[in-house]
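Summary of the model geometry
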Amino acid sequence: MTTVPPLRRPGRALLGTALVTALLSGCTDGASPSDGRPAAPRGVTLSAKLDTPTDVTLRWSGDARDAAGQVVEFATEPEGAYTTLRFAPEGQRVHEHPDLMPETPFYYRLRAYGGPVSAAVELDLPKGAFSKKDQRSGHEWAAPRKLSKPGSAAERHPVRGEGAVRATPDDFEATVKHANGVLLTWRDRARDEAGYLVEIRPAGAPDFHVAAVLDPDIESTGLITLPREKRATVRVRAFFYGERSNVVLRTTGKSAAR
């Protein structure tokens, strides 16, 4: 994973592929297999293979109801908090988790995610790399914010079910702040969302990927783009967590250095 500028993804960052070195902001989810909630019907089946003593490949099959994709998660204790590795889009069915701590148990699971998504906006940013001047500019505009006062219950709608389209974020806009920075704003129409996902698809890429995970009720956030995202399509989703897969345990072996 390459080093990215500060404020790469305002909001709750995702975990990268390496357990120790790629933790961007410590985002975890406290739900566990024994959290007291009944398990939903399992439409997705997960498997895991140790390719080397410290490299795991996850594969899954099947479909979950109303899913836009799967959240790939792991824990190192059977009752421990799960940490997000990736929001995998619907077309993805494989995820590699390399360079793990040796002689450690890894519990893996998937959780479906879905929810109404805004109209997409095309980005065409000016040429130029992220500079020290950009880094010193403050970026106060980039912090996730709630813009409007909470509306009445009639103005907010559930994010799942037949009426979920009414919870779609609307008035979605992207304002270029500098050659690599974009301010995204929208109107919150949901009342029971787990949060908002900023999704981006670089020009020529087949799928959107999740660039930022935000709290509920947020209506504004900044996005610091990568070089390949100068030309891209961006959108925002009011999301929910859906069905969980089975849990798979793999224990890593000794590292090659030992």
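See the structure shown above.
Residues numbered from 1 in each chain as written. Predicted model: local features only at pLDDT ≥ 70, side-chain atom pairs only at ≥ 80, totals over all residues. Heavy atoms only, no water.

Thoughts on the overall build of the protein
Counting its regular elements, the protein contains one helix and 15 strands. Counting all 258 residues of the protein, 49% fall into the buried class. In the protein, of all internal contacts separated by at least 6 residues, the share reaching a separation of at least 24 is 74%. Accessible surface computed for the protein: about 12,800 Å², of which carbon and sulfur atoms make up 51%. (Helix = DSSP H or I, 4+ residues; strand = E, 2+ residues; numbered from the N terminus. Buried < 20%, exposed > 50% of the residue type's maximum accessible area, 1.4 Å probe, protein only. Contact = heavy atoms within 4.5 Å. Areas by Shrake-Rupley, 256 points an atom, 1.4 Å probe, with all protein chains shown as cover.)

Observations concerning the sheet that holds strand S6 (residues 94–97)
With respect to topology, three strands assemble into an open sheet ordered S2-S3-S6, the strand pairing being antiparallel. Edge positions in the open sheet fall to strand S2 (44–52) and S6, since each of these has one partner strand only. Looking at each pair of strands side by side, their axes are set apart by 20° on average, direction ignored. Of the pairings in the sheet, the one linking strand S3 (residues 55–62) to S6 comprises four bridges and is antiparallel in character. Bridge pairing in S6 places Val56 opposite His97. (Pairing = 2+ DSSP bridges. Axes fitted to C-alpha atoms, helices over the stretch in contact; angles between N-to-C directions.)

Description of unusual backbone geometry
Positioned with a positive phi, Asp99 is a non-glycine residue whose angle comes to about 60°. Positionally, Asp99 belongs in the loop between S6 and strand S7 (105–114).

A short note on the sheet that holds strand S10 (residues 181–187)
The pairing of strands in a sheet happens through backbone hydrogen bonds and is either parallel or antiparallel. Within the open sheet, the three strands sit side by side as S9-S10-S13. Their pairing is antiparallel. For this open sheet the edge positions go to strand S9 (170–178) and strand S13 (220–224), each flanked by a neighbour on one side alone. Sheet twist, expressed as the mean angle between neighbouring strand axes with direction ignored, is 20°. Bridge count for S10 against S13 is five bridges, and the pairing is antiparallel.

Side note on the nonpolar core
In summary, soluble globular proteins display a tendency toward joint burial of nonpolar side chains. Core analysis: the biggest nonpolar cluster contains 23 residues, and Leu184, Trp186 and Val234 have the highest contact counts within it. Where this core is concerned, the elements lending two or more residues are strand S8 (121–124), S10, strand S11 (195–202), strand S12 (209–214) and strand S14 (231–244). Per element, the largest residue contribution to this core is five residues, and it comes from S14. Discounting chain neighbours no more than four positions away, the residues touching Trp186 are Pro169, Asp170, Asp171, Phe172, Tyr196, Leu214, Ile218, Glu219, Ser220, Thr221 and Val236. Within the second largest apolar cluster, 17 residues are counted, among which are Phe74, Ala88, Leu100 and Leu110. (Core = buried A, V, L, I, M, F, W, Y, C linked by side-chain atoms within 4.5 Å.)

Some details on the pattern of salt bridges
Opposite charge on two side chains makes pairing possible when the charged atoms of those side chains draw close. Scanning all chains against the criterion turns up twelve salt bridges. A salt bridge links Arg156 to Asp188, with the nearest nitrogen and oxygen atoms 2.7 Å apart. Placement of the pair is Arg156 in the loop between helix H1 (132–136) and S9 and Asp188 in the loop between S10 and S11, with a sequence separation of 32 residues. Taking relative accessible area as the criterion, Asp188 reaches 3% and is therefore assigned buried. Through salt bridges with shared partners, a single ionic network connects Asp170, Asp171, Arg187 and Arg189. (Salt bridge = Lys/Arg side-chain N within 4 Å of Asp/Glu carboxyl O.)

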